[in-house]
Amino acid sequence: MRGQGVVKGYAIGRAVVMGAATLEVAHYRIQPEAVQAECQRLKSALALARDELQGMVANLPDDAPREMGALLTVHSMLLDDPMLAQQTCELIIERHYNAEWALTTQGQILGEQFAIMEDAYLRERGADIRQVIERVLRVLSGSTVLLPRLSEAPADEALIVVARDISPADMLKLRGGRFAAFLTDLGGPTSHTAIVARSMNVPAVVGIGNVRSLVRDGDVLVVDGATGAVLVNPPQFALNEYLRRQAAYADDRAELSLLRDAEAITLDGVRVKLEANIELPEEAAMALEAGADGIGLFRSEFLFMGRSDLPGEQEQYEAYASVVQTMAGRPVTIRTLDIGADKTLDGDIAVAANPALGLRAIRYCLANPEIFGTQLRALLRASLHGKIRILIPMISHMHEVHAVRQAIAVAGAELEARRIPYASNYELGAMVEIPAIAIAIEPFIDSLDFLSIGTNDLIQYTLAIDRGDNDVAELYDPMHPAVLRLIAHTINAGERAGKPVAVCGEMAGDASVTRMLLGLGLKEFSMHPQQLLDVKKEVRLAHSNALRIKVASALNRAERIDLALLAG
Ligand code: PEP
Ligand code: MG
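In this text, all values refer to a predicted model and were calculated from it rather than measured experimentally.

Engineer: What should I look at first to understand the pattern of salt bridges in this one?
Structural biologist: Think of it this way: side chains of opposite charge can pair up when their charged atoms draw near. A complete count under the given rule lists 35 salt bridges for this structure. With a shortest N-O distance of 3.1 Å, Glu38 and Arg41 are connected by a salt bridge. Here the residue Glu38 and the residue Arg41 both occupy positions in helix α1 (residues 35-58), the gap between them amounting to three residues, near one helical turn. Between Asp293 and Arg271 there is a salt bridge, with the nearest N and O atoms lying 3.5 Å from each other. Here Arg271 lies in the loop between α9 (236-257) and β8 (273-278) and Asp293 lies in the loop between α10 (283-289) and β9 (295-299), a separation of 22 residues in the sequence. A relative accessible area of 38% places Arg271 in the partly exposed class.

Engineer: I keep staring at the coordination of the magnesium ion (ligand 2) and nothing clicks. Help me out?
Structural biologist: Geometry sets the ideal angles at a metal, namely 109.5 degrees for four tetrahedral donors and 90 or 180 degrees for six octahedral donors. Note on the magnesium ion (ligand 2): its protein donors are Glu433 (OE) and Asp457 (OD). The metal-donor distances range over 2.0 to 2.2 Å. In this pair, Glu433 sits in the loop between β12 (426-432) and α15 (435-439) while Asp457 sits in helix α17 (residues 455-463), placing the two residues 24 residues apart along the sequence. Take Asp457: its relative accessible area is 3%, and that puts it in the buried class.

Engineer: When you look at the environment of Leu391 in this model, what are you seeing that I'm missing?
Structural biologist: Within the secondary structure, Leu391 is located in strand β11 (residues 388-392). We classify Leu391 as buried; its relative accessible area is 0%. It is 9.6 Å that separates the C-alpha atoms of Leu391 and Leu337, two residues lying 54 residues apart in sequence. Contact partners of Leu391, with chain neighbours within four places excluded, come to Gly296, Leu297, Thr333, Ile334, Arg335, Thr336, Gly429, Ala430, Met431, Phe450 and Ser452.

Engineer: Teacher, can you tell me more about the environment of Cys39 here?
Structural biologist: Looking at where Cys39 falls in the secondary structure, it is placed in helix α1. Taking relative accessible area as the criterion, Cys39 reaches 3% and is therefore assigned buried. Separated by 318 residues in the primary sequence, Cys39 and Leu357 have C-alpha atoms spaced 46 Å apart. Among all residues touching Cys39, those that are not within four sequence positions of it are Cys89, Ile92 and Ile93.

Basis of the calculations
- One numbering rule holds for all chains: residues counted from 1, following each sequence as written.
- Labels follow written order: the first chain is A, the first ligand is 1, and so on.
- Whole-chain, interface and lining totals are the exception, using all residues; otherwise, since this is a predicted model, local features are given only for residues with pLDDT of at least 70 and side-chain atom pairs are given and counted only at 80 or more.
- The side-chain values count all of the structure's non-hydrogen atoms but skip hydrogen atoms and water molecules.
- Think of a salt bridge as a Lys or Arg side-chain nitrogen and an Asp or Glu carboxyl oxygen that are within 4 Å of each other.
- Secondary structure elements are taken from DSSP: a helix is a run of H or I of four residues or more, a strand is a run of E of two residues or more, and numbering for both begins at the N terminus.
- When accessible area is computed with a 1.4 Å probe and restricted to protein chains, residues below 20% of their type maximum are described as buried, those above 50% as exposed, and intermediate ones as partly exposed.
- Only nitrogen, oxygen and sulfur atoms within 2.8 Å of the metal, or 3.2 Å for Na, K and Ca, are treated as donors, and water is left out, so sites may look incomplete.
- Contacts are assigned to residue pairs with any non-hydrogen atoms lying within 4.5 Å of each other.

Function cannot be inferred from these measures alone, as they are strictly geometric.
If you want it as structure tokens, here you go:
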């Protein structure tokens, strides 16, 4: 089988199939006089499920991912929503369905409503409803046991969780267990399964589609978390091959870990900066652990997402200051709120006609000065603890740069008036992710302190390919000569002006294109901490000047660059 590999690594073990309550509920009609009692049974189950979730929020382990509490709270709020309790009761009253049947029917109705929503973030909330309903069905059936067969498995055997989907609450229970991998039918790279699996460093494959129907409890599974391949009861020769790959991968990781303190320097002496992308403040520790030279991108919007309120100035200040303190003098780049397109705030339900081209990122912030001002004040206060690089996403016009400077001045004046201590210890930079600014880069590089190329969006806007749309995913081509020319043009402008230019999109962490990026002249890469040592290994084996000559001659002719020709 094949799904989407979201956490690298190999696992070989036995399947533990998690039940999906929705598929197995009893359907029967109740007597008219019993409808009120049935409604009450439903409401009690909703209340019990909500109490359970709230209990979990209150007792979250210290090492649980930060977003876990927010996700559990969202689930407990859904349980209170009239669309569940009231409308399900109406089905019981009108159609005389039993509570389980009414609940699954209501789940289908809501599921269909969410499935046709244009906004990808809202569509994903359909998964939350489904998970909440599963939880209530488990309560109704009197079973809250998640993995009934677990105790029967020999203690030394690796176990692989197989599920339709894994809710944040279930993920929390699974964290403490001894699981070697996670496989799910649903979900994508930003699903809860992926997020938590990543923080546990456990291989995971999501979006398989039919894993639950093809795998039985106790089957032997082989999982390749990089390619998304899953083998079920493989023959001995295949098992041997994967045991070999698993051992080789472990050796590679051990060898790579030796590079942690080695310098990222090319064979011809070019020193390269390798920084980390983080989404939550706690991940700064992971960046340090991986030997990062700094934080090249803190996606601050993750502080704002999956909650019903906005983080206030104090909460944001503490988050930013904690990253600055953890990084102890290394550069910390904090991107201002990049909301809109595929990332929306709860409650912002108005969907633009074309969200990727709409009121997104800096456009959203300039249109919402209160939200932006709160963030800027928090950043200025955090800069008391060390220099901050403020990074503005989705800039396309110089007047936006001026407006940002103005907003920062206002934020400073407000703090001044409130006599709150702050510093103006910051540099200001912009993301290069709209082709227009890469093409007309000079005024931007002149007026800003640094630039960071967001290749994820730059590719989407250059090639007119929605980065989240599977139907056109094959045309999403990081190696398109037009994309590479824009990157090269930006790096060259930075070199001429003596200002730093980084790449912080996914390309920066892909070791197979490290040599190509060095050939474009890149000296600053920012990526997920897990990818850092792979990239460092490539840097240390590369001859930067030789690569620059090869890459420049291909780009001059707008030819595709053959990565094999750049290999050492
Ligand atoms: C990018 O666009 O390359 C980027 C780093 O930002 P994001 O992926 O958060 O849009
Ligand atoms: Mg972007």
